[in-house]
Amino acid sequence: MPEDDTGGLARTPLHALHLELGAKMVPFAGYEMPVQYPSGVKTEHLHTRSRAGLFDVSHMGQVVLRDRGADPAEALERLVPADIRGLGEGRQRYAVFTNEEGGIEDDLMVANRGDHLFLVVNAACKEADVARLRAALEPQVSVKALDNRALLALQGPAAEAVLADLAPEVRDMRFMDVATVALDGAEAWVSRSGYTGEDGFEISVPEAAAEGLARRLLAHDDVAPIGLGARDSLRLEAGLCLYGHDLDPATSPVEAALSWSIGKARRANGARAGGFPGDARILRELSEAAPRMRVGLKPEGRAPMREGVELFAAEEDGATAVGHITSGGFGPSVEGPVAMGYVPAAMAAPGTRLWGALRGKRLPLEVVRLPFVPPGFKR
C-alpha cells in the first residue's frame, strides 16, 4: 500500500474515498486513517448499533500459511495457546501470540481455508508478527504477508441483508464461518465476524476491487461509513480488548480474561498440553488463578474515566493504587461512561466498589460484568 509523499504514512486503497466522504484523517499505526466523518463519532456509533456501518480496516495485516513439508496448524500451535489443529475447514478462531514470560505479543484471527491458514493481525504488530512466524515456521511452512488485498468490515444488525443483496449465500453463514464469495465481480474472503459486538462480516478483497465494493455497499440506505473513533467506542462497549492498551507483553491471557481462547487440548491434561511460549505461567494461572484480572468498570455520574486513571480501594488520600484503567470513554449505546481495567483478583467480583483518581479527586466506580451491551452475533 502506497506511502504519503510528505508524511511517510501509508494509505489504504480507500484513501481517496475517505477524503471524498469528508473524513477527518489521523495517523494510526503508521497509516493515515479516518477517525470520523462529518456526522460525528456518536452518530456513527449508534448507526452501527441500529443499522450497518462500513469500516476500512485495510491497515491490518493479512497473512497466509501453507504446507511446505509441515502442517501449518500444528506448527502455529508452537506460538499460540489456541486449538488450531481442531479448527474445522471453513471456520475461524481467536488466538494470541505469547512470549516466554506468558505475556501477549499480539492477538489475531486464524481461519482454516482448506489448503491454507489465513491470519489477520494488528497493524502496529504486523511486521513483528510476520518476523515471528517466519523465524518459527519457515521453511517447512510458507509464510506470505499479503500486501495486495484490502480488508473491509460491514457491521450491524442490517449487515446480513445488505451483503446478501450481493451474495445471497452469506445468509447461511454463522458466527465465525469463513467462505469464498463473489462480490461485485471480485473474489472475496468473507468471515462472519467483527470487532463491534454486532453481527457482521469482515471482507478481504483484491485492493483494485476495494473502492468499487465499498461504493456499492455505501449506496445502500442502511450503510454509513464509520471511522476509528466509533470503532473504539463500539469495541469498548462490547468488552473487546485493544492491543497496546488492554493487552501487552507483560499481561497473560488469563489476566486479560481471555482464558476461553486457550483450547481444552492445550490445557493441563489435554491432548496437546502446553508447548506454546510461556506455557508454565499460563497453565499455572489457569489452575491457581491469576493475581489480577481485566474487568468492566462503570463510573458513577457522567464523567468518563480514560486510559491511565489509577484505581483505589478507598476514597481517602494516602492509599496505594490497586489497579488502573486501560480503556475508557463515553458509551453512546448505554448513555454513560464505560471502562475496562486491571484490579487484584480479590477485587474483581461484580459489585466491588472502587475509586478512580480524576482531576485531583477520587470518584466512585463499580466493577461490572462485560460486555456493556448484549452481543448481536448470529450463532
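Looking only at helices and strands, one finds eight helices and 19 strands in the protein chain. Overall, the C-alpha framework of the protein chain stretches about 65 × 50 × 45 Å when taken along its three principal axes. Out of the 379 residues belonging to the protein chain, those deemed buried represent 55%. For the protein chain, restricting intrachain contacts to residue pairs at least 6 apart in sequence, the fraction spanning at least 24 positions comes to 65%. When the accessible surface of the protein chain is totalled, it reaches about 15800 Å², and 49% of it is carbon and sulfur. Where the 42 positive side-chain charges of the protein chain centre and where its 53 negative ones centre are 4 Å apart.

This next bit is on the packing of helix H2 (residues 41-50) against helix H7 (residues 228-237). The interhelical angle for the contact between H2 and H7, taken along N-to-C directions, is 55°, at an axis separation of 8 Å. Looking at the two axes, H2 sits oblique to H7. The handedness of the crossing between H2 and H7 comes out as right-handed. Residues Val41, Glu44, His45, Thr48 and Arg49 of H2 form the contact with H7, whose participating residues are Gly229, Ala230, Ser233, Leu234 and Glu237.

What follows covers the pattern of salt bridges. Summed over the entire model, instances satisfying the criterion amount to 26 salt bridges. Note that Asp222 and Arg51 form a salt bridge whose closest N and O atoms lie 3.1 Å from each other. Of this pair, Asp222 sits in the loop between helix H6 (207-218) and strand S13 (223-225) while Arg51 sits in the loop between H2 and strand S3 (52-56), and the two are 171 residues apart along the sequence. We classify Asp222 as partly exposed; its relative accessible area is 24%.

For the coordinates displayed, the defined rule picks out zero disulfides. Lacking any disulfide linkage, Cys125 is separated from the closest cysteine sulfur, that of Cys241, by 13 Å. When its relative accessible area of 11% is taken as the criterion, Cys125 is described as buried. Judged by its relative accessible area of 4%, Cys241 is buried.

Let us look at the pairing of strand S6 (residues 104-112). On a regular strand, one side chain projects to one face of the sheet and the next to the other, so that they alternate. Of all nine residues that make up S6, eight are buried, and the element is covered over most of its length. As judged from the eight bridges shared by strand S5 (residues 91-98) and S6, these two strands associate in the antiparallel manner. Bridged to Tyr94 within S6 is Met109. In textbook terms, the turn of a hairpin is the stretch between consecutive antiparallel strands, and for S5 and S6 this stretch comprises five residues, one of which, Gly102, has a positive phi near 85°. In this sheet, strand S7 (residues 117-121) lies alongside S6 in antiparallel orientation, the contact comprising five bridges. Paired with Ala111 across the bridge in S7 is Phe118.

Definitions and cut-offs
- Here the residue numbering is sequential within each chain, running from 1 through the sequence in written order.
- Residues qualify for local features only when their pLDDT is at least 70, as the model is predicted, and side-chain atom pairs are given and counted only at 80 or more; totals for whole chains, interfaces and linings, by contrast, use all residues.
- Side-chain descriptors were evaluated using all non-hydrogen atoms of the structure, hydrogens and water having been removed beforehand.
- Counting from the N terminus, the helices are the DSSP runs of H or I reaching at least four residues and the strands are the DSSP runs of E reaching at least two.
- Working definition: with a 1.4 Å probe on protein chains only, accessible area under 20% of the residue-type maximum means buried, over 50% means exposed, and in between means partly exposed.
- By definition, residues are in contact when any of their heavy atoms lie within 4.5 Å.
- Where accessible areas are quoted, they stem from the Shrake-Rupley method and a 1.4 Å probe; at the residue level, only the protein chains shown are allowed to cover.
- We count Lys and Arg on the positive side and Asp and Glu on the negative side, and we leave His and both chain ends out.
- We put the charge of a Lys on NZ, of an Arg on CZ, of an Asp on CG and of a Glu on CD.
- Lines fitted to C-alpha atoms define the axes, with helix axes restricted to the stretch in contact, and inter-axis angles between N-to-C directions lie between 0 and 180 degrees.
- Convention used here: angles under 35 degrees read as roughly parallel, angles over 145 as roughly antiparallel, angles from 65 to 115 as roughly perpendicular, and any remaining angle as oblique.
- It is the rotation of the near helix from the far one that decides the hand of a crossing: anticlockwise by less than a right angle makes it left-handed, clockwise makes it right-handed.
- Only one rule defines a salt bridge in this text: a Lys or Arg side-chain nitrogen within 4 Å of an Asp or Glu carboxyl oxygen.
- Disulfides are defined in this document as cysteine sulfur pairs within 2.5 Å.
- DSSP bridges decide pairing: two strands pair if at least two such bridges lie between them.

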